[in-house]
Structures are given as structure tokens and as C-alpha cells.
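# Summary of the model geometry
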Amino acid sequence: TAMLAAGTAVQAAASPATFGTETVPQPDANAAGSDVTEPTASTGPLPAPQRGVLAEPPAHAVFIAVDLAPEVDRARLEKLLRILTNDANRLMAGYAPVGDQEPQMAEVPARLTITFGFGPKLVDLVNPDAKPDWLAPLPAFAIDRLEEQWSGGDLLVYVASDDPLTLAHAQRLMLKDLRAYTTIRWQQPGFRNARGSLKPGTTQRNLFGQIDGTVNPRPGDEDFDALVWIGSGGTSGTGGSAPQWLAGGTSFVLRRIEMNLETWDEVDEPGRDAAVGRRLDSGAPLTGSHEFEEPDFEALTPQGFTVINPVSHIARARSEDPAERIHRLTYNYDHPVMGVGGIGASVSNSGLLFGSLQANPLTQFVPIQQRLADADLLNEWTVPIGSAVFAIPPAASRGGFVGENLYA
Ligand code: HEM
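What counts and what doesn't
- Residues numbered from 1 in each chain as written.
- Predicted model: local features only at pLDDT ≥ 70, side-chain atom pairs only at ≥ 80, totals over all residues.
- Heavy atoms only, no water.
- Donors = N, O, S within 2.8 Å, 3.2 Å for Na, K, Ca; no water.
- Helix = DSSP H or I, 4+ residues; strand = E, 2+ residues; numbered from the N terminus.
- Phe/Tyr/Trp six-rings, centres within 6.5 Å; stacked < 30°, edge-to-face > 60°.
- Buried < 20%, exposed > 50% of the residue type's maximum accessible area, 1.4 Å probe, protein only.
- Core = buried A, V, L, I, M, F, W, Y, C linked by side-chain atoms within 4.5 Å.
- Contact = heavy atoms within 4.5 Å.
- Near = heavy atom within 4 Å.
- Polar contact = N/O pair within 3.5 Å; in protein donor to acceptor, adjacent residues only side chain to side chain.
- Nonpolar A, V, L, I, M, F, W, Y, C, P; charged D, E, K, R; others polar.
- Axes fitted to C-alpha atoms, helices over the stretch in contact; angles between N-to-C directions.
- Parallel < 35°, antiparallel > 145°, perpendicular 65-115°, else oblique.
- Left-handed = near helix turned anticlockwise from the far one by under 90°.
- Pairing = 2+ DSSP bridges.
- Salt bridge = Lys/Arg side-chain N within 4 Å of Asp/Glu carboxyl O.

### Quick word on the coordination of the iron atom of the ligand
In this structure the iron atom of the ligand is ligated by exactly one protein donor, H313 (NE2), at 2.1 Å. Tracing the backbone shows H313 in helix 8 (residues 313-317).

### So, the packing of aromatic side chains
Counted according to the given criterion, the structure contains 11 aromatic pairs. Seen in terms of ring centroids, F208 and W264 are 4.4 Å apart; in terms of plane orientation they differ by 20°. Their pairing is stacked. Of the two residues, F208 sits in the loop between strand 4 (182-191) and helix 5 (224-228) while W264 sits in helix 6 (residues 261-264), which places them 56 residues apart along the sequence. For the pair shown, F208 and W264 are each scored as buried.

### As for the nonpolar core
Counting 72 residues, the largest nonpolar core has L77, I114, F118, L155, V157, V159 and M174 as its most contacted members. Top contributing element to this core by residue count: helix 2 (residues 74-92), with seven residues. Once you skip the residues sitting within four places of it in the chain, I114 turns out to touch Q50, A88, L91, M92, V157, Y158, V159, A170 and M174. Formed by 24 residues, the second largest nonpolar core is a distinct cluster that contains F63, L156, I385 and A388.

### Quick notes on the site of the ligand
Close to the ligand lie 24 residues; G213, T214, H313, R318 and R328 are nearest. One nitrogen or oxygen atom from the main chain of T214 is found 2.9 Å from an oxygen atom belonging to the ligand. Taking H313, its side chain carries an N or O atom lying 2.9 Å from a nitrogen atom of the ligand. Element by element, the count of residues in the shell around the ligand is highest for helix 9 (residues 365-374), at four residues. Of the residues in the shell around the ligand, the class split is 13 nonpolar, seven polar and four charged.

### Focus: the packing of helix 2 against helix 4 (residues 164-178)
The geometry of helix 2 relative to helix 4 is characterised by a closest axis approach of 10 Å and an angle of 165° between their N-to-C directions. The pairing of helix 2 with helix 4 is recorded here as roughly antiparallel in orientation. Judged by the sense of rotation from one axis to the other, the crossing of helix 2 with helix 4 is right-handed. In contact with L80, I83, L84, D87, A88 and L91 of helix 2, helix 4 contributes H169, A170, L173, M174, D177 and L178. Partitioning the contact of helix 2 with helix 4 into residue classes produces nine nonpolar, one polar and two charged.

### Remarks on the environment of G94
With respect to the secondary-structure elements, G94 resides in the loop between helix 2 and strand 2 (113-118). By relative accessible area, which is 14% here, G94 ends up buried. Put simply, G94 and A106 are 12 residues apart on the chain and 5.4 Å apart in space, counted from C-alpha to C-alpha. When neighbours within four sequence positions are excluded, G94 is seen to be in contact with A106, E107 and P109.

### Overview of the pairing of strand 2
In terms of residue burial, strand 2 counts as a mostly covered element, since six of its six residues are buried. Residues T113, T115 and G117 line one face of strand 2 and the alternating positions I114, F116 and F118 line the opposite face, and both faces are buried. Bridge analysis of strand 2 against strand 3 (residues 155-161) gives six bridges, and the strand direction is antiparallel. Note that in strand 3 the partner of I114 across the bridge is V159.

### A closer look at the pattern of salt bridges
As enumerated under the stated definition, the model contains 13 salt bridges in all. For E148, the salt bridge identified is with R185, shortest N-O distance 3.1 Å. Of this pair, E148 sits in the loop between helix 3 (120-126) and strand 3 while R185 sits in strand 4; the two residues are 37 residues apart in sequence, bridging distant segments of the chain. By relative accessible area, which is 28% here, R185 ends up partly exposed. R318 is paired through a salt bridge with E294; the nearest N and O atoms lie 3.2 Å apart. Here R318 is found in the loop between helix 8 and strand 6 (327-335), whereas its partner E294 is found in the loop between helix 7 (269-276) and helix 8, with 24 residues between them in sequence. Salt bridges linked by common partners bring D67, E148 and R185 together as one network.

See below:
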């Protein structure tokens, strides 16, 4: 498998991920015996990541999962991946793909990104030996009420743009590429604040009105690379391992989490603050006055209770192990409910498309989700109803296709 120099990638990112000693915090030695702080023979520049993984999330997104048709074999899948890669690259650059019947609609990309992820069955079809151990449905959690219609999938296409019209056009072209080879499994649109409506650097709110995304390693942060990218030789800064074709890639978990706005309405402000461990108005931890202040989980009330409830969301979500962190990439959803009325009727179908990027879901996402499933005050109003895991390959080389290294 020839490693691609980062500079040759078509979807060149702002800066290619490296696993230099500076960017990687002391990882524990892991089962696979990898040690990313000591460059080995296989340690070299990584292929550039797919652009959408690094982008500041655009205002609108749609996550699409499809299942491969039974007649799609390895060769036909390669053909599909080439078509998708070419069309996505052209669209992201503001050019219409070949055969686009509304080519003018491609002219305003509005930070369009299109990112591809592979489910277990797709990898099995191409090279079963190259399937990472984590590419499988997550273990079941007691809080889960998963629905088939929002779970699993062979191929993920994540399309995002600041402009919903651009997004609709790009989505349509992707679906036209896909239709001869696949069936649509689910399609989940989501939104964040409109581009420009918040002062730069402001954290968005979710539909509960909470400031959501404060503590979140971001591209450019010192530890982001080690937490998110799979390294050369398939190593990861957080322990665990992945096959070489994923070097420069990552993994994506998508959880669809219903948020019950009706019962949330019944909670007063102190109750709401206590559930998260932060103030609803400012996002500050209950032990501080500014959003980005460190919470003090030891601080006590005059009565001797901790100020931040040990079962609050932030107390439970945080680990003492710095390798046990994720990059959250979330969108809100809010769908119509029809034919509903009357005092007390539920007039919302709302929640979070909770996306999580990490080098290894089993060592990063799962322990956090397990703690939250065991105890988290927020569970009173939230229910996971969908779940899927995908491998996100690096960007294609020039003239290549996303996933090419899986074929190598
Ligand atoms: C923090 C909301 C689900 C992991 C937070 C915060 C809010 C929030 C308001 C505090 C501000 C911030 O740092 O962003 C929610 C809601 C959820 C949800 C409404 C479901 C609908 C999840 C899930 C996970 C998760 C499923 C992971 C499995 C985290 C983490 C933090 C956090 C790691 C930062 C904790 C820290 O301070 O170290 N969430 N969350 N959340 N949440 Fe969630």
C-alpha cells in the first residue's frame, strides 16, 4: 500500500495531520503495542483528511446512509466510489458535475463539503481482512430505544453547506449517483445557527436552549490530531489500532437522540441548570461565571453537597483519562408533527443528530456513552433512537477515489 504524500491529495486540507511528537500527548501503551510518540519506519506524512471532517460545521447538513444493492460487487463499487468522488470534488469546488442538468446551482458552494464513510458491509465486500474491530454496531446501552429506520448503513454521505438550496442540489446529485447501486436507508437533515447570525466564537445552543459544544477539542487544538486521526501504520494517539488504509482517516458515530421538549418545558431554571451542571443563560459551570471556566467538581455548598451534581451531564461525560475524549459534531433536527393539538399535546419531534469523531469509537465514544447510560440527569428528557458507525477514509489522491487504499 503506497502511502500518499499529503500534498498530492485533491481535497487538500488547511494543514495535513501529522503525528509528530509535538502534537500527540503521552498515549498509554496499548494492546497493539503501537507507540505514536516514537516514529517508526511506517510513520510518514499522512494522506490529507476529507475536507468535511475539518470544516467548521456549515449551517445545514444532511446525513444519508445507503445500502449496497445485492448485485454490487467489488468492481462496481469502485465505479460508484469514483463517480461519487469526482462529483463531490467538483461540487465542493463550485463546478457542476458532468451531466448536471441544473449546472448554475453548483456555482455557489457556500462552504459545501461532502464526506464519505464506510459501514461494515462495504468493507467486507472489498477486503474483509481490513475491517477495523470497531466497525460494527455499538454495544447496546440500557437507555437505547433504537429504530431500524435510523440505524446502520453500508455507505454514509454527509453533505453540508451554509446554503440550503446548494445543499438540496448537491444532495440530489449524490442520490442520482447512488440510485443504480444502492437503496436509501435513512436521510437525516439537521441545522445549526445560520452563518453570520452569531458573533464569531459564539457556541451554538441546542433546542433545549443549552449552550452546547463548549468543551470540545477542535481542529487546530493541540490534542485534536491525536484524538481524531488514525495515524500512519494504523496507530492512534488514543490506543487501539486500525488498518493501514485508514491512516489519515477517522471514525464517525452518529446517534439520533430525541429531545422531549414537552417535558423539558415543565422544568424550572434551577432544575435545568442542575441537569447539565452549567447555567442555561451563560453556559458557565455552576461553580463559575464564564462559559470557558473550568468546572470545579469538588466545590461544596454550605450544606455539604457538591455544587455540580455528580450525576449531572458534564460530571458524567468527562473522563479522568485525557485519551477518552471525542470531537462532537452536532446538528439539531426539528420535524413537523401533524394532526396534533390540545392542551398538553406533544407538538414537537425534535432532537440532536449527535455526531462524534474519534480515532477509535471503542476506546473513546463507548466509555463516555456507557457512563451517560448508567447515570445522567439529562436522560430524563433524551432518548437515543438511532445509531450508526462508519469508517471515514482519508481524501482521495489526485485522480483517485475515496477508499482507494482499501482496494490496494
Ligand atoms: C457537554 C448537551 C448527549 C458528550 C454537554 C453540554 C451540554 C450537552 C449542554 C455542556 C456544554 C458543552 O461542553 O458542550 C447534550 C444533549 C445531549 C447530549 C442535549 C442529547 C440530546 C451527549 C452524548 C455524549 C455527550 C450522547 C457522548 C456519548 C458530552 C461531552 C461533553 C458534553 C463529552 C463535555 C463534558 C466536559 O465538560 O468535559 N452536552 N449532550 N453528550 N456532552 Fe453532551
